[in-house]
Amino acid sequence: MNKENHTPFVSVKDVAMWYPYHGKRQQKGEKDWIKAVDGVSIEIEHGEILGVIGESGCGKSTLGKILTRLENPTRGDCLIDGVSTKEMIKKDAKKFRSTVQIVFQNPFDTFTPRDTIEKILLRPLKNYSIGTDNEDRRRICIEALEAGGLRPAEDILKRFPHELSGGQLQRISIIRSMFLNPGFIVADEPVSMLDVSVRADIINMLIELSKSKDAAVMFISHDIALTRYISDNIAVMYLGRIVEYGSADEVVKSPMHPYTQALISNCASIDPEDKQETISIEGEPPTPLNPGPGCYFAPRCYMACEECYKRYPEPVVSETGHWAACARIGENGK
Amino acid sequence: MERLLTLENVNVSYVNKDKKVYAVKNAGFSINKGDSLGVVGESGSGKSTLAMALLRLHDESRTEITGKALFEGKNLLELTQEEMNALRWKDISVVFQKAMNSLSPVHRISEQVEDIYRVHEPHASKKEIEERMIYLLKLVNLPERVYRLYPHEMSGGMLQRTAIAVSLLHSPKLIIFDEATTALDVVTQGQILEEVVQMEQEISMTRIMITHDMSVVAASCNKVAVMYAGEFMEIGYVKDIFKNPMHPYTKGLLNSFPSLKGENETLHAIPGFLPDLSKPEPGCVFASRCPQASERCRREKPACQELKDGRQIACWLYQGGETHE
């Protein structure tokens, strides 16, 4: 890869999202910050699926919200095709919304309960003047629904959201997000609310759409096995920072960061012979209220040393581009 | 090995004004002492309904329960509520999905524990109860101070651990986990599963684990029962079934989970939907979604058969104990 003259499609540059915190013990005027996302830089190419994993509260959803500009970051910016999204949304919010789309976790809350699917699906088409008239737009909807395996499409258009199952609704949600041919989709836990037997369909649909339309996808999930299945690359987040990044297979099979190692060793596998020694990590993830100055994971890490508490470690990069931010890589055989 | 619980022909149906929903049909299996049985299936397959029936937690004016569930010789389905109360907590206890909702928000853990303990041992002293609970809290890796906390002062993982500890107060012979780890984070879930498995080695405990996650069963159970539309499709040892699933539904379920480290095989969903449980079909319940269904499957219901390796299976493909491929 010639990185010098190549601008990645989506590029996140040192993004941070701090929420003010008003504690009991604070004086008036004093402010503390909850650092939900704190200095994340990442790149996603066309047609690439990036998986983001981590425990709850590690800032994965906040990162997704920043990328779709549902939140304005405290610091940093994300660029799409080299253009700042901050500028994009100021100049032409409509165009930005057609470039970046999001699929939410709960399909039951995604749609207006009082509108039929037809009304819900026609709205974005109308807003963006796709199709010549309503008849034409209806045709587009029917084609899209049938391509997504929702048959009979005519019948589904007449229904209300509560008359459809979660799997069907989530498929419609993905179809709707693809209507405007977005270049970038954020999928925030799109299958965690769904039944196991329909999950595979939704996942395969996402993969197919991303490959056929060459769209970049950010897949946020806490299910490691699933994320490995869908993603090309995986980023592991802990307390608002990315601690490890690499190709999906590498991160899951040979994790470098002790946090990733612990996370994966605790993940139940469907293969009963896959059982391995679990690395226990003490306690629950702390709140991201003024962590540091050292490595955020140090207090729970089984191999932390004095050095780890002093400053945040620099990332160590392997030849394949797989990197992890840990001061003790290379020790303990990892 | 000693039998602890035997189910014979258990049927549970919800009765409405004009409709009857057959939620569990002809359930039959047995659990030995020390077993851990995972009950898996999609939502709506009747897993929780069955557990609630065993615990007699259904509103009995609206449900019809028939059959036998022999727990140490007593038929759980025919006991009076008073007799049942004598068993609850002491012989059978349950951990629900949302520990948040199963603990009272306005009482300290200590007060709730004392209440529960005194149901069966009314004269127990505070000190005795505290000692017992602190021993259990240590078993689930919680600090002693939890005993004096209110539920809102704890995180989800701590609450779930507390609920497990409380369910062990009287060393029950059978403990039912109804999606007890589903709402938790990966790391917390992994830790709790490991603690539970370890605990079982220390104290003798028999466990039924209701979940929709096959990987939880693989990690923590020795037997598995696959349920679909209220009926058991396949029951057997985890090591046999996960390696060599035989029922098409079990195969379908296993195919829809990606492996953590193995080959990245394409995932396949099971097409179609659960059948309408208020209109029972004459044939196999899975026939409408089964890739290998024949005319016979749609017409006649296959009986549950026992194969050589001890697994029970209800499928025409394997009738007569032979293995057709």
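Residues numbered from 1 in each chain as written. Chains lettered and ligands numbered in written order. Predicted model: local features only at pLDDT ≥ 70, side-chain atom pairs only at ≥ 80, totals over all residues.

- Per an unreviewed UniProt entry, chain B goes by ABC transporter ATP-binding protein and derives from Bariatricus massiliensis.
- The heading Sequence similarities (unreviewed entry) in the UniProt record of chain B holds the text "Belongs to the ABC transporter superfamily."
- Recorded in UniProt under Subcellular location (unreviewed entry), the annotation for chain B is "Cell membrane". (UniProt positions renumbered as here; feature names shortened; annotations may be inferred.)

## Some remarks on the overall build of chain A
At step 1: Looking only at helices and strands, chain A has 13 helices and 13 strands in total.
At step 2: A compact globule built from 334 residues should have a C-alpha radius of gyration of about 20 Å, and chain A, at 21 Å, falls within 12% of that.
At step 3: C-alpha atoms of chain A, sized along the principal axes, occupy 70 × 55 × 50 Å.
At step 4: Long-range pairs, those at least 24 residues apart, make up 64% of the contacts in chain A between residues at least 6 apart in sequence. (Helix = DSSP H or I, 4+ residues; strand = E, 2+ residues; numbered from the N terminus. Rg over C-alpha atoms; globule rule 2.2 N^0.38 Å. Contact = placed C-beta atoms within 7 Å.)

## Points about unusual backbone geometry
Excluding glycine, most residues fall at negative phi; most peptide bonds, likewise, are trans.
All names here are of chain A.
At step 1: Although it is not a glycine, Glu189 adopts a positive phi angle of roughly 50°.
At step 2: Position of Glu189 relative to the elements: it lies in the loop between strand E7 (184-188) and helix H9 (196-212).
At step 3: With 18 C-beta atoms packed within 10 Å, Glu189 lands in the partly exposed category.
At step 4: Of note in this structure, Asp214 is not a glycine but carries a positive phi near 60°. (Buried ≥ 20, exposed ≤ 12 C-beta atoms within 10 Å, placed from the backbone.)

## Notes on the sheet that holds strand E4 (residues 36-40) of chain B
At step 1: The sheet built from eight strands is open, its strands ordered E7-E8-E9-E4-E10-E11-E13-E12 (chain B) with mixed pairing. At either margin of the open sheet sits one strand with a lone partner, and together these are strand E7 (92-95) and strand E12 (305-306) of chain B. (Pairing = 2+ DSSP bridges.)

## Describing the environment of Phe177 of chain B
Residues and elements named next belong to chain B.
At step 1: Of note, Phe177 is situated in strand E8 (residues 174-178).
At step 2: Residue Phe177 is classed as buried on the basis of its 29 C-beta neighbours within 10 Å.
At step 3: Taking the C-alpha atoms as reference, Phe177 lies 29 Å from Pro271; in sequence the two are 94 residues apart.
At step 4: Not counting residues within four places of it along the chain, the set of residues in contact with Phe177 comprises Val95, Arg207, Met209 and Ile210.

## Quick look at the packing of helix H5 (residues 117-127) of chain A against helix H6 (residues 134-147) of chain A
Two quantities define a packed helix pair, namely the angle between the axes and the distance from one axis to the other.
Residue and element names in this part refer to chain A.
At step 1: Close contact between H5 and H6 brings their axes to 10 Å; oriented N to C, the two are set at 115°. When the interaxial angle is binned, H5 and H6 end up roughly perpendicular. With respect to the hand of their crossing, H5 and H6 are arranged in right-handed fashion. When H5 is examined against H6, the residues Glu118, Leu121, Leu122, Leu125 and Lys126 are found in contact with a partner set consisting of Asn134, Arg137, Ile140 and Cys141.
At step 2: For the contact of H5 with H6, a count of residues per class yields five nonpolar, one polar and three charged. (Axes fitted to C-alpha atoms, helices over the stretch in contact; angles between N-to-C directions. Parallel < 35°, antiparallel > 145°, perpendicular 65-115°, else oblique. Left-handed = near helix turned anticlockwise from the far one by under 90°. Nonpolar A, V, L, I, M, F, W, Y, C, P; charged D, E, K, R; others polar.)

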